[in-house]
Amino acid sequence: MFRKVKLLTIVWLFAVLTGQGFGQQYKPDWSSLVRHQTPKWLQEGKFGIYTHWGIYAVHAHGSNTTWYSFALYRDPNSDARKHFERTFGPLTPDFGYKDLIPKFTAEKFNPDEWAELFKKAGAKFAGPVAEHHDGFAMWDTKYSEWNAAKMGPKRDIVGELEKAYKKAGMKYLTAFHHAANWFFFPVWDKRYDTGDPKYSGLYGQPHKPGEKRNQAFIDEWYGKIIEVIDKYDPDFIWFDFALDAIPEGYVKDFLAYYYNKALEEGKEVIVSYKQHDLVPGAGIRDLELGQEHTLTYNDWITDTSIDDRGAWGYAEDLTFKTPNRIIDNLVDRVSKNGYLLLNVGPKPDGTIPEGAKKVLLEIGSWLNMNGEAIYGTTPWFIAGEGPTKLGKADETGFNEENVVYTPEDIRFTVKGDVLYATFLDWPGKKAVIKTLRDPSIKINVNDLPDWAKPEKSLPLAGTKWEIKNEEGETVKYEFYKNGKFKVAGGEAGKGMMGEYRQVGEDVYLQVGGFSWYGKYDGNEFKVVEDESPHYEGFYKEEIKRITLLGYDKDLDWVMTPQGLVIKMPDKKIGNYAHVVKIERFHHPKIK
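Residue positions are given per chain, counting from 1 as you read along its sequence in written order. Restriction of local features to residues with pLDDT of at least 70 applies here, the model being predicted, together with a cutoff of 80 or more for giving and counting side-chain atom pairs; totals for whole chains, interfaces and linings are based on all residues. By convention in this description, side-chain values take in all heavy atoms of the structure and omit both hydrogens and water.

1. Description of the environment of Ser-457
Phase 1 of the analysis: Helix and strand definitions here come from DSSP, where helices need a minimum of 4 consecutive H or I residues and strands a minimum of 2 consecutive E residues; each element is numbered from the N-terminal end. Mapping Ser-457 onto the fold places it in the loop between strand S12 (430–433) and strand S13 (464–468).
Phase 2 of the analysis: For the pair Ser-457 and Lys-476, spaced 19 residues apart in sequence, the C-alpha to C-alpha distance is 22 Å.
Phase 3 of the analysis: Contacts are assigned to residue pairs that have any heavy atoms within 4.5 Å of one another. If we skip the residues at most four places from it in the chain, Ser-457 touches Gln-502, Gly-504 and Glu-505.
Phase 4 of the analysis: Polar contacts involving the side chain of Ser-457 include one to the side chain of Gln-502, which spans 3.3 Å.
Phase 5 of the analysis: N or O atoms closer than or at 3.5 Å make up a polar contact, with two conditions inside protein: a donor-capable atom paired with an acceptor-capable one, and, for residues adjacent in sequence, both atoms drawn from side chains. At a separation of 2.7 Å, a polar atom in the side chain of Ser-457 contacts the main-chain carbonyl oxygen of Gly-504.

Structural data, given as structure tokens:
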């Protein structure tokens, strides 16, 4: 009896702590909803793929193909209007965007082939845009006749992909943009078919410009999401912007319904949102075509497209990002506590463009070799080091750039006692991790093995320099042969003495308790404002073994005041980013 009571007590305590028993479910209020946690599968999986596929694949035109229909009706001089009328015919009260639906045939659509490709690419979750701004639902919905099961493909795309992706072992995502359908088409303009109430199931509820969403629109918005949850059981619901235009109570009701249903089924789910459309903690924030510029306390996700202009849907003139660019961005995001959702735009017949396939398979090949530095990892104390910086994201994102990373750009992740240092370009014969330097080590450069010695450079001793600081003030430096230097101007005032140490082109300067960093290439001395971070808690005694993923031999290494120096293989191993694996003793014996 005692053992039975004790067991019940343990079960009760677990239920209280997890909020998953005895009525402790989510309530439709923010104080309850913010208790939701990011699923373990997302924390470990990191990388997913979704598809923008719908009517907009038919016209296959425009810088952003999914917004083509918006410009089509709004601006008679737009590129979209000219293209549409040249290709399909003039807009009239009877003819318009809806008449592209019969051309959206999907005759070669094979959901199992998509699943196989995305799994080979290394994706751990995948799914379709269930409904975009254009109002065309990609599932068999009772809320509208304007859906892929009844028109166009005459197939339940969302349902078929659910089965294929789950069978392939991936978590299932559905993306919704339909909150923006309200303003997307000029439903008040009788010159076009958008103004005919017969087509309001596609173009949106009739209303005047500037009016708020009516009850019919809100009920349909809510009903469609619940219907998808009940019919297709998604693990991830992704939202585009305009969620904040829906009355708050409906949003909270949906979240509580979704999270409670997951609890009942014993599964983990997640909702993502743009900007500040949910209260922080109630879901996970998405940055469109963007990424955090530094390590964050909260996790986040970013959606970007495999094409190199943000077309999202298929276009006939698409070109694609390089595998190197996408891999570098994946590594960068994961090191900063983020995840990556990559978009692919299929053709109207249901095939994936060959250019996209090639990039996806290259990503998968890289992950086959280096995935242990991505999957199941967490960020470290420091995201990375190196000269290449990103600007801050705005509220929506949009700071993703086609930056070219250097061999000095490194990103860190950890798993257990292993520290992964991913070099975003091949470092050459030796790799230097400045974050792991130990300034307390007294070592003569001549005592280093030849491979670890710094490149020779002209001595800085005996030179004088005048450098403008960030405030525009002139700072004077004078370097002496005895390792001393004098700095004057700016915060140094009339002059202060300090010590410097030159190792190759790197110059380390210290005055009292202040230290900074410079570069001298034999021609010019310059102060480097952003010196690589230094993690003081890393000891050389921690290091058990250092290897390179994809290379089966141990790597030689030496700890120096300038950084952990690692001897790399004579020939470049693998493509794109390169992962150095540092295995550590959990409790090193410190000398």
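2. Section: the sheet that holds strand S23 (residues 578–584)
Phase 1 of the analysis: Strands pair, by our definition, only if DSSP identifies at least two bridges between them. In spatial order, the strands read S9-S10-S11-S23-S20; together these 5 strands make up an open sheet with antiparallel pairing. Of all strands in the sheet, those with a lone pairing partner are strand S9 (378–385) and strand S20 (543–548), marking the two edges. Pairs of neighbouring strands in the sheet enclose a mean axial angle of 20 degrees, with direction left out of account. Structural elements are reduced to axes, namely lines fitted to C-alpha atoms, with helices fitted over the stretch in contact, and the angle between N-to-C directions of any two is expressed from 0 to 180 degrees.

3. Describing the nonpolar core
Phase 1 of the analysis: Membership of the largest hydrophobic core comes to 123 residues, with the highest contact counts inside it found for Phe-118 and Leu-255.
Phase 2 of the analysis: With residues up to four places along the chain from it excluded, the contact list for Leu-255 reads Trp-30, Leu-33, Val-271, Leu-278 and Ala-282.
Phase 3 of the analysis: Within the second largest apolar cluster, 25 residues are counted, among which are Ile-382, Ile-410, Ile-433 and Ile-582. Joining through side-chain atoms within 4.5 Å is the link that ties buried Ala, Val, Leu, Ile, Met, Phe, Trp, Tyr and Cys residues into a set, and such a set is a nonpolar core. Per-residue accessibility, obtained with a 1.4 Å probe over protein chains only, is compared with the maximum for each type, and a residue is labelled buried under 20%, exposed over 50%, and partly exposed between these values.

4. Points about the layout of surface pockets
Phase 1 of the analysis: The volume enclosed by the largest pocket comes to roughly 1200 Å³.
Phase 2 of the analysis: Forming the walls of the largest pocket are 46 residues, and the residues nearest its centre are Glu-408, Lys-434, Asp-506, Tyr-517 and Lys-519.
Phase 3 of the analysis: Those elements that provide at least two residues to the lining of the largest pocket are S9, strand S10 (410–415), S12, strand S18 (514–520) and strand S19 (525–528).
Phase 4 of the analysis: Among the residues forming the lining of the largest pocket, the class breakdown is 19 nonpolar, 9 polar and 18 charged. A 1.4 Å probe that fits but cannot get out identifies a cavity on a 1 Å grid over protein atoms alone, an open set with protein on both sides within 12 Å along at least five of seven lines counts as a pocket, and a residue lines either if it has an atom within 4 Å of a point. Grid points are joined across faces, edges and corners, and a volume is the space filled by probe spheres set on the points. Each residue is assigned to one of three groups, with Ala, Val, Leu, Ile, Met, Phe, Trp, Tyr, Cys and Pro labelled nonpolar, Asp, Glu, Lys and Arg labelled charged, and all others, Gly among them, labelled polar.

5. Quick word on the pattern of salt bridges
Phase 1 of the analysis: By salt bridge we mean one thing: a side-chain nitrogen of Lys or Arg within 4 Å of a carboxyl oxygen of Asp or Glu. One pass over the structure, following the stated rule, counts 38 salt bridges.
Phase 2 of the analysis: Close ionic contact of Glu-162 with Lys-166 constitutes a salt bridge, the shortest N to O distance being 3.0 Å. Of this pair, Glu-162 and Lys-166 are both found in helix H8 (residues 157–167), 4 residues apart, which corresponds to roughly one turn of the helix.
Phase 3 of the analysis: As a salt-bridge pair, Glu-499 and Lys-484 come within 3.2 Å of each other at their nearest N and O atoms. Of this pair, Glu-499 sits in strand S16 (residues 496–503) while Lys-484 sits in strand S15 (residues 484–488), and the two are 15 residues apart along the sequence.
Phase 4 of the analysis: Classification of Glu-499 as partly exposed rests on a relative accessible area of 48%.

6. Some thoughts on unusual backbone geometry
Phase 1 of the analysis: Positioned with a positive phi, Leu-289 is a non-glycine residue whose angle comes to about 45 degrees.
Phase 2 of the analysis: Looking at where Leu-289 falls in the secondary structure, it is placed in the loop between strand S6 (284–288) and strand S7 (300–305).
Phase 3 of the analysis: Of note in this structure, Asn-337 is not a glycine but carries a positive phi near 85 degrees.
Phase 4 of the analysis: Within the fold, Asn-337 resides in the loop between helix H13 (323–335) and strand S8 (338–344).
Phase 5 of the analysis: Assessed through its relative accessible area of 17%, Asn-337 is described here as buried.

7. Looking at the packing of aromatic side chains
Phase 1 of the analysis: Each aromatic pair joins two rings of Phe, Tyr and Trp (for Trp, the six-membered one) with centres within 6.5 Å, and gets the label stacked for planes under 30 degrees apart, edge-to-face for over 60, and tilted for any other angle. Scanning the model with the defined rule gives 49 aromatic pairs in all.
Phase 2 of the analysis: Both rings, one in Phe-485 and one in Trp-516, keep their centres 6.0 Å apart while their planes meet at 75 degrees; by these two values the pair is edge-to-face. Of this pair, Phe-485 sits in strand S15 while Trp-516 sits in strand S18, and the two are 31 residues apart along the sequence.
Phase 3 of the analysis: By relative accessible area, Phe-485 is classed as buried at 0%.
Phase 4 of the analysis: Assessed through its relative accessible area of 22%, Trp-516 is described here as partly exposed.
Phase 5 of the analysis: Three or more aromatic residues joined by ring pairs form one cluster here, namely Trp-67, Phe-70, Tyr-73, Tyr-97, Phe-183, Phe-184, Phe-185, Tyr-192, Tyr-203 and Phe-241.
Phase 6 of the analysis: Throughout this description, the term charge over a ring refers to an Arg CZ or Lys NZ atom that lies within 6 Å of the ring centre and within 35 degrees of the ring normal. Its end group placed over the ring of Tyr-199, Lys-98 keeps NZ or CZ at 4.4 Å from the ring centre.
Phase 7 of the analysis: Residue placement shows Lys-124 over the ring face of Tyr-375; its charged tip is 4.5 Å from the ring centre.

8. Brief notes about the sheet that holds strand S4 (residues 236–239)
Phase 1 of the analysis: In spatial order, the strands read S1-S2-S3-S4-S5-S6-S7-S8; together these 8 strands close into a barrel with parallel pairing. If you compare each strand with its neighbour and ignore which way they point, the axes differ by 25 degrees on average.
Phase 2 of the analysis: Taken together, the 4 bridges between strand S2 (residues 125–131) and strand S3 (residues 171–176) define a ladder with parallel strand orientation. In the sheet register, Phe-125 faces S3, and the bridge partner there is Lys-171.
Phase 3 of the analysis: Relative to S8, H13 is tilted by about 150 degrees, and along the sheet it contacts strand S1 (47–51), S7 and S8.

9. As for the packing of H13 against helix H14 (residues 354–370)
Phase 1 of the analysis: Running from N to C, H13 and H14 point in directions that differ by 50 degrees, and their axes come no closer than 9 Å. The angle between the axes of H13 and H14 places the two elements in the oblique class. Both H13 and H14 take part in a crossing whose hand is right-handed. Note on element contacts: H14 touches H13 through Val-359, Glu-362, Ile-363, Trp-366 and Leu-367, opposite Pro-323, Ile-326, Ile-327, Leu-330 and Val-331. In these notes the angle categories are as follows: under 35 degrees is roughly parallel, over 145 is roughly antiparallel, 65 to 115 is roughly perpendicular, and the rest is oblique. Handedness of a crossing follows from how the near helix is turned relative to the far one, being left-handed for an anticlockwise turn of less than a right angle and right-handed for a clockwise one.

These values are about where atoms sit, not about what they do.
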